[in-house]
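Overview (structure and organization)
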Amino acid sequence: MSLLASQCRAARAMLGFSQRDLAKHAEVAHRTIADFETGSRTPHPRTLKAIRETLEKNGVVFIDADPAGPEALGAGVRLRAVEVTPSKSSDEVSGLSSEDLEQWWDDLTPDNNSHKT
């Protein structure tokens, strides 16, 4: 189970994780992530495993290099496909009717009920 620094950076970017976010989720030091990504040091195998498993748990799929293929492809990352459900109206998704939303807005802005005629 390997992990390259470039894969770690790319996976974090795809997830929108900062180095601190990843460190927190993987339960490792922020400096460990920063040093690994800059090539300053290589973490212990158990630490690399924790980082990789955290990224995988959040939807990252690691792609092994294929140096023998016709195009000599390098290692990479991608996100797991998300199951798409049939589209629903916004009222069905939120569970709120337009009347509920209007009442919420009126409660939020009691001095600004000028939208009512």
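Source: prediction; values computed, not measured.

Conventions used here
Residues numbered from 1 in each chain as written. Predicted model: local features only at pLDDT ≥ 70, side-chain atom pairs only at ≥ 80, totals over all residues. Heavy atoms only, no water. Helix = DSSP H or I, 4+ residues; strand = E, 2+ residues; numbered from the N terminus. Buried < 20%, exposed > 50% of the residue type's maximum accessible area, 1.4 Å probe, protein only. Contact = heavy atoms within 4.5 Å. Arc of directions from axis to C-beta. Salt bridge = Lys/Arg side-chain N within 4 Å of Asp/Glu carboxyl O.

The next thing to look at is the overall build of the chain. Assigned secondary structure in the chain consists of six helices and two strands. When its helices and strands are written in sequence order, the chain yields α-α-α-α-β-β-α-α. Each of the 117 residues in the chain was classed as buried or not, and the buried ones make up 27%. Long-range pairs, those at least 24 residues apart, make up 42% of the contacts in the chain between residues at least 6 apart in sequence.

Next up on the list: helix α1 (residues 5-15). Among the residues making up α1, those that are buried are Ala5, Gln7, Cys8, Ala11 and Arg12. Seen end-on, α1 carries its buried residues on one side only, within an arc spanning 160°. Packing partners of the buried residues in α1 comprise α2 (19-26), α3 (30-38), α4 (45-57), β1 (60-63) and β2 (76-79). Among the residues trailing α1, glycine 16 stands out with phi positive, at a value near 75°.

A separate point is the environment of lysine 49. Along the chain, the position of lysine 49 falls in helix α4. For the pair lysine 49 and leucine 3, spaced 46 residues apart in sequence, the C-alpha to C-alpha distance is 8.2 Å.

Mapped onto the fold, leucine 55 is located in helix α4. When its relative accessible area of 0% is taken as the criterion, leucine 55 is described as buried. Between the C-alpha atom of leucine 55 and that of phenylalanine 17, which follows or precedes it by 38 residues, the distance is 9.6 Å. Those residues within four positions of leucine 55 in sequence are excluded, and the remaining contacts are Cys8, Ala11, Arg12, Leu15, Leu22, Val60 and Phe62.

What follows covers unusual backbone geometry. Within the chain, glutamate 27 stands out as a residue other than glycine whose phi angle is a positive 60°. Within the fold, glutamate 27 resides in the loop between α2 and α3. Look at glutamate 27 and you get exposed, because its relative accessible area is 72%. Of note in this structure, alanine 72 is not a glycine but carries a positive phi near 45°. Relative to the helices and strands, alanine 72 resides in the loop between β1 and β2.

Further remarks concern the pattern of salt bridges. Tallied over the full model, the rule gives five salt bridges. By sharing partners, the salt bridges in this structure join Arg31, Asp35 and Arg41 into a single network.

By the secondary structure assignment, threonine 32 is in helix α3. Not counting residues up to four positions away in its chain, the partners in contact with threonine 32 are Arg41, Pro43 and Thr47.

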